[in-house]
Amino acid sequence: MTQETNGSPKRAMIVIAHPDDGEFMAAGTLAKWAKEGSEVIYVLCTSGDKGTSDPEIDPEELAVIREQEQRNAAAVVGAKDVVFLRYKDGFLQNTLELRKDIVRQIRTYQPDIVLCQDPTMRYVGNYINHPDHRAAGDATLDAVFPSARDYHVYPDLIEEGLMPHKALEVYMGAFGNDNANVWVDISDTIDTKIAALMEHKSQVGDDPERLETMRERIKEGSAKLGADHAMGCAEAFRYIKLR
């Protein structure tokens, strides 16, 4: 049974491990909401400094490149802001420090909806979920509830004027339809999703044939997700409406 959502939010925040994670997971949804007037904020736990197989690229240099690629992709989506927490790629853990940093962003921007990666998804089919993805999802859920909500958790944030904030909904990226309970129709923004992904040039490369194959694969995957829900193209999420 598909859960009912509250529709497009006033403000949505996506918290992810690496540049391009947000585009693969939810760029169509974020672009749809942005077109409808929502403010969209990206929070990146790492800058993806290990995201290459080229031994000649310096990780610090790659981080600068990938941060700019993420800013460019977010601009295509229509996001208002992009925040980089700059934890080390490949070593992310659900620490109290990371949780507090995410709480700071939640209290600063006060999103109605928080999107994150699903920390319970360890593997699916022939894919092992990146440990950074799981850590980012875990830390985000812990930040949303209860830490961002509870007044006495961080007295120093209160002193800074960052008062408690309760998000209303959480969307976790789903791997296919099996663990999803909400689907968002992105038929009007599938091309925006693909355009945003293409901004991650260090990851997708510049080979025309490879890029065309990627475009077709993304469209086919989105169409498959939407097929059972009267949607041309869709993104799937595991959804929680908070009480």
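What you see is a predicted model; the values in this text were computed from it and never measured. (Residues numbered from 1 in each chain as written. Predicted model: local features only at pLDDT ≥ 70, side-chain atom pairs only at ≥ 80, totals over all residues. Heavy atoms only, no water.)

Before we go on, may I ask you to explain the sheet that holds strand β4 (residues 113-116) in this structure?
Picture the strands of a sheet paired through backbone hydrogen bonds; they go either parallel or antiparallel. The strand order β3-β2-β1-β4-β7-β9-β8 describes an open sheet built from seven strands, whose pairing is mixed. Single-partner strands in this sheet number two, and they are β3 (81-87) and β8 (182-185). In this sheet, adjacent strand axes meet at a mean angle of 25° when their direction is disregarded. Bridging between β4 and strand β7 (residues 169-173) involves four bridges; their strand directions are parallel. Bridged to L115 within β7 is Y171. Sheet strands in contact with helix α4 (residues 131-147) are β1 (11-16), β2 (39-46), β4 and β7, and its direction is about 160° off that of β4. (Pairing = 2+ DSSP bridges. Helix = DSSP H or I, 4+ residues; strand = E, 2+ residues; numbered from the N terminus. Axes fitted to C-alpha atoms, helices over the stretch in contact; angles between N-to-C directions. Contact = heavy atoms within 4.5 Å.)

Explain the nonpolar core to me, please; I cannot follow it from the model alone.
The biggest cluster of nonpolar side chains holds 37 residues, and the ones touching the most others in it are I14, L30, Y42, L115 and Y171. Here this core takes seven residues from helix α1 (residues 21-35), the largest share from any one element. Y171 has contacts with T5, W33, I113, V114, L115, C116, V182, V184, F237, R238 and Y239, leaving out every residue within four places of it along the chain. Judged by nonpolar contacts, the second largest core, of 29 residues, contains V15, V43, V103 and Y109. (Core = buried A, V, L, I, M, F, W, Y, C linked by side-chain atoms within 4.5 Å. Buried < 20%, exposed > 50% of the residue type's maximum accessible area, 1.4 Å probe, protein only.)

Can you walk me through the pairing of β1 in this structure?
Among the six residues that make up β1, six are buried, leaving the element largely enclosed by the rest of the structure. By the alternation rule, side chains of β1 split into R11, M13 and V15 and A12, I14 and I16, which are all buried. Here six bridges tie β1 to β2, and the two strands are oriented parallel to one another. Along β2, the bridge assignment pairs I16 with L44.

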